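Given next are the chains, with one letter for each unit.
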Amino acid sequence: ETMEPPPEDSGPDLDIPGIDVESALQTSGLDRRTFAVILAGFFQDNGATVENIGRAAAEGRVEDLLHLAHSLKGSAGNIGALALRQAAAAVEDECRDMLAAGVRPADFDEKLQRLIAALAEVLEALRPLASPQGKETATESPAVAGEDSGRLLQRMEEAIDAADPEAIGAVMQDLHRHFAAVGHP
């Protein structure tokens, strides 16, 4: 028994350093065009994250670092940024240990720098998708029931953060309807 090839995906070519696009597409069930919009949203959402991590570290706010690392771990995993996910998981684990033991591990700064470098690499790779020509996929028209694409992506982020498959599926349907309504199948 042979598997049928997946349906043709006419979205943009997504060869992005630091992101396993094919794995993320397969896992999420998204098409390339929708995934490109999500990647642009990741870029927009994390523009200040490197600065926020640096500031939290400099000010010794371990709980804030824990939250930032945890959030990045999840969102990086969702977009297929595996090195970023691993770096965020390492910092998250170190922060939990620091909160429990009250001692800063000797290699914490190295792990923090690895996280910052991995995030900077992914953001730089995503910059073209967030440029005006890269954003033309879904930002100008009203969305499903008057909802704009930014709000739809925010709903998707909330559903993903909640690890709620039903909510993710519902938002996916809304995203498909939105893109169809604005002329992007």
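Residues numbered from 1 in each chain as written. Predicted model: local features only at pLDDT ≥ 70, side-chain atom pairs only at ≥ 80, totals over all residues. Heavy atoms only, no water.

1. So, the overall build of the chain
- In terms of helices and strands, the chain carries eight helices and zero strands.
- Going residue by residue from the N terminus, the α and β elements of the chain occur as α-α-α-α-α-α-α-α.
- Here the chain holds 185 residues, and 43% of them are scored as buried.
- For the chain, the share of sequence-separated contacts (at least 6 apart) that also reach a separation of at least 24 residues comes to 60%.
- By element, 51% of the accessible surface of the chain is carried by carbon and sulfur atoms, the whole surface being about 10,500 Å². (Helix = DSSP H or I, 4+ residues; strand = E, 2+ residues; numbered from the N terminus. Buried < 20%, exposed > 50% of the residue type's maximum accessible area, 1.4 Å probe, protein only. Contact = heavy atoms within 4.5 Å. Areas by Shrake-Rupley, 256 points an atom, 1.4 Å probe, with all protein chains shown as cover.)

2. As for the pattern of salt bridges
- In this structure the tally under the stated criterion is 11 salt bridges.
- Across the pair Glu22 and Arg32 runs a salt bridge whose closest N-O atoms are separated by 2.4 Å. Of this pair, Glu22 sits in helix 1 (residues 21-28) while Arg32 is found in helix 2 (residues 32-45), placing the two residues 10 residues apart along the sequence.
- Judged by relative accessible area, Glu22 falls into the partly exposed class, the value being 46%.
- Among the residues examined, Arg32 registers a relative accessible area of 15% and is labelled buried.
- A salt bridge links Glu92 to Lys73; the nearest nitrogen and oxygen atoms lie 2.7 Å apart. With Glu92 in helix 5 (residues 82-101) and Lys73 in helix 4 (residues 62-79), this pair connects stretches of sequence that are 19 residues apart.
- Judged by relative accessible area, which is 2%, Glu92 ranks as buried.
- Connected through shared salt-bridge partners, Glu59, Arg61 and Asp64 make up one network. (Salt bridge = Lys/Arg side-chain N within 4 Å of Asp/Glu carboxyl O.)

3. Comments concerning the confidence of the model for the chain
- Confidence along the chain averages 80 in pLDDT terms, with 77% of residues attaining 70 or more.
- This stretch, residues 2-7, has a pLDDT under 50; its non-local contacts, to residues over four places away or in other chains, come to zero contacts. (pLDDT = per-residue confidence, 0-100.)

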